[in-house]
Amino acid sequence: MVSYVDAQDGAQRVAGTIPLHSEVGFAGMRKAGNLTAQALDMLTAHVRPGITTLELDRLAFEFAKDHGAKPATLFYRGFRHSTCTSLNHVVCHGIPSNKTIKEGDILNIDITLVVDGWHGDSSRMYPVGEISRKAERLIEITYKSLELGIAVAKPGNTTGDIGAAIQEYVEGQRASVVRDFVGHGLGQLFHDEPSIMHFGKKGDGAELKEGMIFTIEPMVNLGKPNVKILSDGWTAVTRDRSLSAQCEHSIGITKHGCEIFTSSPMGIFNPLEAQNK
């Protein structure tokens, strides 16, 4: 399992501690999360057959620049792009390229914008034109699993409760949850504690407390959960070449539940659902 926290420089982080943020932090995350969601909203109209993922990445970069934000992935540990673009059997961390997307593809775009030092992190699944029913079903399962994970994200529950809710639903739909990548704390750091696994047992893990801020970002495969990293050192793909999907919100634990920082201003967090209305 890849721990983003282990990969972080860590100079500003005390190992093993989970930050509890004040209203100042929540205000910063609202601003960063909202701009990230606006960027993903903007990209919706551009995801169509014939466009390249590199062009989508350029649009995201220009949007960030025009709004005084910085893409967190740009030059992060050698990554040279503003987004991760993951097509079809790519699980995550796909590198934008000159390859054109085509009718029937499914595309995850993952972007983190830094606004006034705060990181808003989110990803969505975009259908490219008409897609197969199995692809639609995968996207539906993935979004529902995120909803179920968010529903149990409240004080007194645990990180394991989030993972258990996601795993139980996904496996009940005869799909699988990727184990190799996890959600993560964030705020003024890109990756922080806690790690949020999308599988597990109820009651396990860290207790959720008011002020925690983290992502939930389940990655769901139609086939087996196994992945491999390509020779570029970034791109993760399903070993059995089955389709994969992911969606992600940044959230903060509040007194009675949680706040979603990356909700779509246009109401299109799930572009497939919006397309089918």
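Now for a look at the structure at hand. On a predicted model such as this, the values are computed, not experimentally measured, just so you know.

This part is about unusual backbone geometry. For the peptide bond that leads from Glu193 to Pro194, omega is 0°, which places it in the cis range. Along the chain, the position of Pro194 falls in strand β8 (residues 192–196). Not every positive phi belongs to a glycine, and Arg77 is a case in point at roughly 50°. Summarising the element assignment, Arg77 is placed in the loop between β1 (70–71) and β2 (84–87). When its relative accessible area of 58% is taken as the criterion, Arg77 is described as exposed.

Taken as a whole and assessed by the stated rule, the structure comprises 0 disulfides. Here Cys84 stays free of any disulfide, with the sulfur of Cys92 as its closest cysteine sulfur at 7.7 Å.

Before going further, it helps to examine the packing of aromatic side chains. All told, the structure shown has 4 aromatic pairs when counted by the stated rule. For the ring pair Phe26 and Phe261, a centre distance of 5.5 Å and an interplane angle of 75° mean the geometry is edge-to-face. Of this pair, Phe26 sits in helix α2 (residues 23–44) while Phe261 sits in the loop between β15 (258–260) and α6 (271–276), and the two are 235 residues apart along the sequence. Across this residue pair, the class does not change: Phe26 and Phe261 are buried.

On to the sheet that holds strand β3 (residues 90–92). Sheets are built from strands that pair by backbone hydrogen bonding, the pairs being arranged parallel or antiparallel. Across the sheet, 3 strands lie side by side as β3-β12-β11; this open sheet has antiparallel pairing. Lying at the two open borders of the sheet, with one neighbouring strand each, are β3 and β11 (227–229). Direction aside, neighbouring strands of the sheet carry axes that sit 40° apart on average. Note that β11 and strand β12 (residues 236–238) share 3 bridges and pair antiparallel.

Turning our attention to the nonpolar core. Ranked by internal contacts, the top residues of the largest apolar core, which has 29 residues, are Ile106, Ile139, Ile162, Val170, Leu208, Phe214 and Ile216. Residues within four places of Ile162 in sequence aside, it is in contact with Gly149, Val152, Ala153, Ile196, Leu208, Phe214 and Ile216. By size, the runner-up hydrophobic cluster in this structure holds 28 residues, among which are Leu43, Val47, Val115 and Tyr126.

Within strand β5 (residues 118–127), 10 of the 10 residues are buried, leaving the element largely enclosed by the surrounding structure. Burial of β5 is two-sided: the residues Trp118, Gly120, Ser122, Arg124 and Tyr126 facing one way and the residues His119, Asp121, Ser123, Met125 and Pro127 facing the other way are all buried. Bridging between strand β4 (residues 106–115) and β5 involves 10 bridges; their strand directions are antiparallel. By the bridge assignment for β5, Asn108 is matched with Met125. Remark: 2 residues form the turn of the hairpin made by β4 and β5, two consecutive strands paired antiparallel; Asp116 in that turn has positive phi of roughly 55°.

What the second largest pocket holds in volume is close to 270 Å³. Within the residue set of the lining of the second largest pocket, elements represented by two or more residues are α4 (133–151) and α6. Among the elements that line the lining of the second largest pocket, the one with the most residues is α4, at 6 residues. Among the residues forming the lining of the second largest pocket, the class breakdown is 7 nonpolar, 4 polar and 5 charged.

About the cut-offs
Residues numbered from 1 in each chain as written. Predicted model: local features only at pLDDT ≥ 70, side-chain atom pairs only at ≥ 80, totals over all residues. Heavy atoms only, no water. Helix = DSSP H or I, 4+ residues; strand = E, 2+ residues; numbered from the N terminus. Buried < 20%, exposed > 50% of the residue type's maximum accessible area, 1.4 Å probe, protein only. Disulfide = S-S within 2.5 Å. Phe/Tyr/Trp six-rings, centres within 6.5 Å; stacked < 30°, edge-to-face > 60°. Pairing = 2+ DSSP bridges. Axes fitted to C-alpha atoms, helices over the stretch in contact; angles between N-to-C directions. Core = buried A, V, L, I, M, F, W, Y, C linked by side-chain atoms within 4.5 Å. Contact = heavy atoms within 4.5 Å. 1 Å grid on protein atoms, 1.4 Å probe; cavity = no way out; pocket = protein on both sides within 12 Å on 5 of 7 lines; lining within 4 Å. Points joined across faces, edges and corners; volume = space filled by probe spheres on them. Nonpolar A, V, L, I, M, F, W, Y, C, P; charged D, E, K, R; others polar.

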